[in-house]
2 protein chains.
Amino acid sequence: MESPHFLDLFKEFKQKVDEYIFEKLPLNHDIPEIKLLYEMMRDYPSRAGKGLRPGLLMTFNRAFGGSDERSLNTASALEIFQNWIVIHDDIEDGSDLRRGEPALHVKFGMPLALNAGDALAGKMWELIYENKNILGDETAMKVFNEFLVMYSRTTEGQHIELGWEHNRRWELTADDYFSMCKRKTAWYTCISPSWVGGMIAGAPDSLKESFVRFGKDLGVAFQIQDDILNLTGDREKYGKEIGGDILEGKRTLILIDLMSKCNPDEKQFVINSLDRAREKKDPGIIEDVLRLMKKYNSIEYAISISHEKAKSARQTYMEHINDHIAREEYQKVIIDLIDFMVEREL
Amino acid sequence: MESPHFLDLFKEFKQKVDEYIFEKLPLNHDIPEIKLLYEMMRDYPSRAGKGLRPGLLMTFNRAFGGSDERSLNTASALEIFQNWIVIHDDIEDGSDLRRGEPALHVKFGMPLALNAGDALAGKMWELIYENKNILGDETAMKVFNEFLVMYSRTTEGQHIELGWEHNRRWELTADDYFSMCKRKTAWYTCISPSWVGGMIAGAPDSLKESFVRFGKDLGVAFQIQDDILNLTGDREKYGKEIGGDILEGKRTLILIDLMSKCNPDEKQFVINSLDRAREKKDPGIIEDVLRLMKKYNSIEYAISISHEKAKSARQTYMEHINDHIAREEYQKVIIDLIDFMVEREL
């Protein structure tokens, strides 16, 4: 059977997930303030996203012989997870833009946005609860448990990154970055989506360890590429401020590499710039720091690591997962997907 | 059998819940930032709280013949709910104090505190998940469902209150207040605690409607008393800034009553004062607004409504719930408890 192209597949999945989510999210209420809450809960989900995480989940579900009917509810819960977590993330980082539009707290103020994020998180757990009618009690509880692990890892990873900025920590290594990134990004972007997708379709628990290894490497590769796009991407495609990470003082692999290579004067200059930039948001800083990143080939370094991680993910997949795939036409889809994670421009 | 005094009982329950929570919350981690997260998650729970909600849950559980072993996990999840929700609440309201100490975002900055609130919410769901080993699948899922309803009502209620302030709405009626308050406070303070406590012990679903009515009236009475204490309470006992609600521009029943009674000039003065106070936090405003509240007997009015609601809760309890209580010595406990909700000074 011919392999579908993964971009077409993801478009199909995204459409299904969007339809499902907008059916599940409440719409109208007599009390105008609650109606506004419902509008805010629908705001981020209605902005054009890539649907990467539910796409990954539904791809692995199909690959292991599962049906969309069984995976759609969980894939939608995952998409809702992504949406409420970035509402809170945008508040924490003081980000101005999300998917090309003003962040929710910019549109409605921080208090309402924070609470709308909480409300959306509640909707996620409602879908997880509903799994009992879709997957049966046992599998539903396994998915619930996976979501709890994913949730915990993500908040821990977020705390590491925010803590670095809060405590003005600069002496960081690539391993510190990988450890943060595995928690903050890889669990909810790759590990849980791929494993839960397979597990719902009946993938054996003995495969879980390989899925974790696969997803960890892929997720780190994905995040590094995200950090690169934040510096070099096309504003239209990327949907956020270019160089925004520098203004936020984010400890990306690129910045960590620069700090390990530049001379003491340059290092002090970067620290002063970023500490000041965070408070005053001086966009002039972006050019200065970017110039140093180029001088020391830190972006090239990050690209090479991103490719290395993707290669490692591919190897884990080929050696431990590929042979278990029930529907062979999905093997190529998954391999293309791995390449896309580090080649993408959006 | 002699009735225990409810304050002794609540002390006993609170101690059990605290022990349980501190065993369940993570403590140590090699990564210093994650260790800090764990400390932050333990911060509010370690401050002296009243333990009202878990106390109510465990009281109704015992009253219906249940054992503490069965109710403790859910009571602890409820106590965790209260703690993470007030972390976010304090951020949203810009509150400086919680239980006599600086609010979490004052101690650690907003981004880390917001994320710690999310992480603590995750712990709550972990306890809800664990119920399957304590209550069996069916009852565990019923508790899960109750928590979802409680969660949704609370965020909706919070949104109404924040929305009133955000949109500078002043034309509000007592009914608007009751409708907000039922959602924001009554569900998680009274309705869910009492019903879930009884339900875990086997109270029949046919009683639920009465529990909702009982808890709604009791919760509204509780919140009105809380608003009164915010104006007239003892700073030491109360643990928050006295008059803080005025500075935050909170639409309490007292303020709503004042606005409906005072003359146009005074009304404009109050609006100007509160709108300005919110931005500049001018404590001088508190005295001015308080004087008007006294002039129009708005505090007395709120006290009378609080007593009326408590009386109505007591009536619902006596007519529809009291006869179903399995352990008669808890009937008096519950009645004393209703009185305490509106007589308390902390």
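Definitions and cut-offs
- Residues numbered from 1 in each chain as written.
- Chains lettered and ligands numbered in written order.
- Predicted model: local features only at pLDDT ≥ 70, side-chain atom pairs only at ≥ 80, totals over all residues.
- Helix = DSSP H or I, 4+ residues; strand = E, 2+ residues; numbered from the N terminus.
- Rg over C-alpha atoms; globule rule 2.2 N^0.38 Å.
- Contact = placed C-beta atoms within 7 Å.
- Nonpolar A, V, L, I, M, F, W, Y, C, P; charged D, E, K, R; others polar.
- Expected span 1.5 Å × (residues − 1).
- Buried ≥ 20, exposed ≤ 12 C-beta atoms within 10 Å, placed from the backbone.
- Core = buried A, V, L, I, M, F, W, Y, C linked by C-beta atoms within 7 Å.
- pLDDT = per-residue confidence, 0-100.
- Least-squares fit on C-alpha atoms with pLDDT ≥ 70 in both.
- Axes fitted to C-alpha atoms, helices over the stretch in contact; angles between N-to-C directions.
- Parallel < 35°, antiparallel > 145°, perpendicular 65-115°, else oblique.
- Left-handed = near helix turned anticlockwise from the far one by under 90°.

## Observations concerning the overall build of chain A
Point 1. Helix and strand counts for chain A come out as 16 helices and 2 strands.
Point 2. Relative to a compact globule of 346 residues, whose C-alpha radius of gyration would be 20 Å, chain A shows 20 Å and is just as compact.
Point 3. By its C-alpha atoms, chain A is 60 × 55 × 30 Å across when sized along the principal axes.
Point 4. Restricting the contact set of chain A to residue pairs at least 6 apart, pairs at least 24 apart contribute 77%.

## Some points on the interface of chain B and chain A
Point 1. Opposite the 37 residues of chain B that make contact, chain A presents 37 residues.
Point 2. Those elements giving two or more residues to the side of chain B that touches chain A turn out to be α2 (32–46), α4 (68–93), α6 (110–135) and α7 (137–166) of chain B.
Point 3. If you tally residues by element for the side of chain B that touches chain A, the top one is α7(B), at 16 residues.
Point 4. Grouping the amino acids of the side of chain B that touches chain A by side-chain chemistry returns 18 nonpolar, 12 polar and 7 charged.

## Let's talk about helix α3 (residues 52–63) of chain A
Residues and elements named next belong to chain A.
Point 1. Over its 12 residues, α3 runs 16 Å from end to end, which matches the ideal 16 Å to within 8%, given 1.5 Å per residue.
Point 2. Burial of α3 is extensive: 12 of the 12 residues sit out of reach of the surface.
Point 3. In this fold, the buried residues of α3 make contact with α1 (6–24), α4 (68–93), α8 (174–200) and α16 (329–343).
Point 4. G65, located one to two residues past α3, shows a positive phi value of around 90°.

## Regarding the nonpolar core
Point 1. Counting residues in each nonpolar core, the largest one holds 204 residues, and the members touching the most others are A:A116, A:M124, B:A116 and B:M124.
Point 2. For B:M124, the contacting residues outside a window of four places in its chain are B:A77, B:I80, B:F81 and B:W84.

## Quick look at the confidence of the model for chain A
Residue and element names in this part refer to chain A.
Point 1. For chain A, mean pLDDT is 93; residues scoring 70 or higher make up 97% of the total.
Point 2. Mean pLDDT across the elements of chain A ranges from a minimum in helix α10 (residues 235–238), with 70, to a maximum in helix α6 (residues 110–135), with 98.
Point 3. Taken over the whole predicted complex, pTM reads 0.95, whereas the ipTM for its chain interfaces reads 0.95.

## Notes on the relation of the copies chain B and chain A
Comparison of the two chain copies shows a relationship of rotation about an axis with a shift along it.
Point 1. Aligned on chain A, chain B shows an RMSD of 0.0 Å; the corresponding rotation is 180° and the shift along the axis is 0.0 Å. Both copies are brought into coincidence by an operation consistent with a two-fold rotation axis.
Point 2. The overlap is high: 100% of the interface residues of chain B also sit at the interface in chain A, so the same surface is used on both sides.

## Some points on the packing of helix α9 (residues 208–232) of chain B against helix α16 (residues 329–343) of chain B
Residues and elements named next belong to chain B.
Point 1. α16 packs onto α9 with a crossing angle of 30° between their chain directions and a minimal axis gap of 7 Å. On the basis of the axis angle, α9 is roughly parallel to α16. From α9, L218, A221, F222 and Q225 reach across to α16, where they touch I338, M341 and V342.
Point 2. Within the contact of α9 with α16, the residues separate by chemical class into 6 nonpolar, 1 polar and no charged.

## A look at the environment of B:T139
Residue and element names in this part refer to chain B.
Point 1. Along the chain, T139 turns up in helix α7.
Point 2. On the neighbour-count criterion, T139 (19 C-beta atoms within 10 Å) is partly exposed.
Point 3. Note: C-alpha distance between T139 and V86 (53 residues apart in sequence) is 28 Å.

## Observations concerning the environment of A:G202
All names here are of chain A.
Point 1. Inspection of the secondary structure assignment puts G202 in the loop between α8 and α9 (208–232).
Point 2. Residue class for G202 comes out partly exposed when judged on the 13 C-beta atoms lying within 10 Å of it.
Point 3. Note: C-alpha distance between G202 and H159 (43 residues apart in sequence) is 34 Å.
Point 4. Apart from the residues lying within four places of it in its own chain, the contact partners of G202 are F64 and G65.

## Notes on the environment of A:A75
Residues and elements named next belong to chain A.
Point 1. If you trace the backbone, A75 turns up in helix α4.
Point 2. Given 31 C-beta atoms within 10 Å, A75 falls into the buried group.
Point 3. Residue contacts for A75: discarding those within four places in its chain leaves F13, V17, P54, L57 and M58.

## Digging into unusual backbone geometry
Residues and elements named next belong to chain A.
Point 1. Positive phi outside glycine occurs at R168, with the angle close to 50°.
Point 2. Within the secondary structure, R168 sits in the loop between α7 (137–166) and α8.
Point 3. On the neighbour-count criterion, R168 (11 C-beta atoms within 10 Å) is exposed.

## Here we look at the packing of α4(B) against helix α8 (residues 174–200) of chain B
Residues and elements named next belong to chain B.
Point 1. For the pair α4 and α8, the least separation of the axes is 10 Å and the interaxial angle reads 165°. Overall, the two elements α4 and α8 adopt an arrangement that is roughly antiparallel. In this structure, α4 crosses over α8, and the sense of that crossing is right-handed. Contacts between α4 and α8 involve R70, S71, T74, L78 and F81 from the first element and Y188, P193, V196, G197 and I200 from the second.

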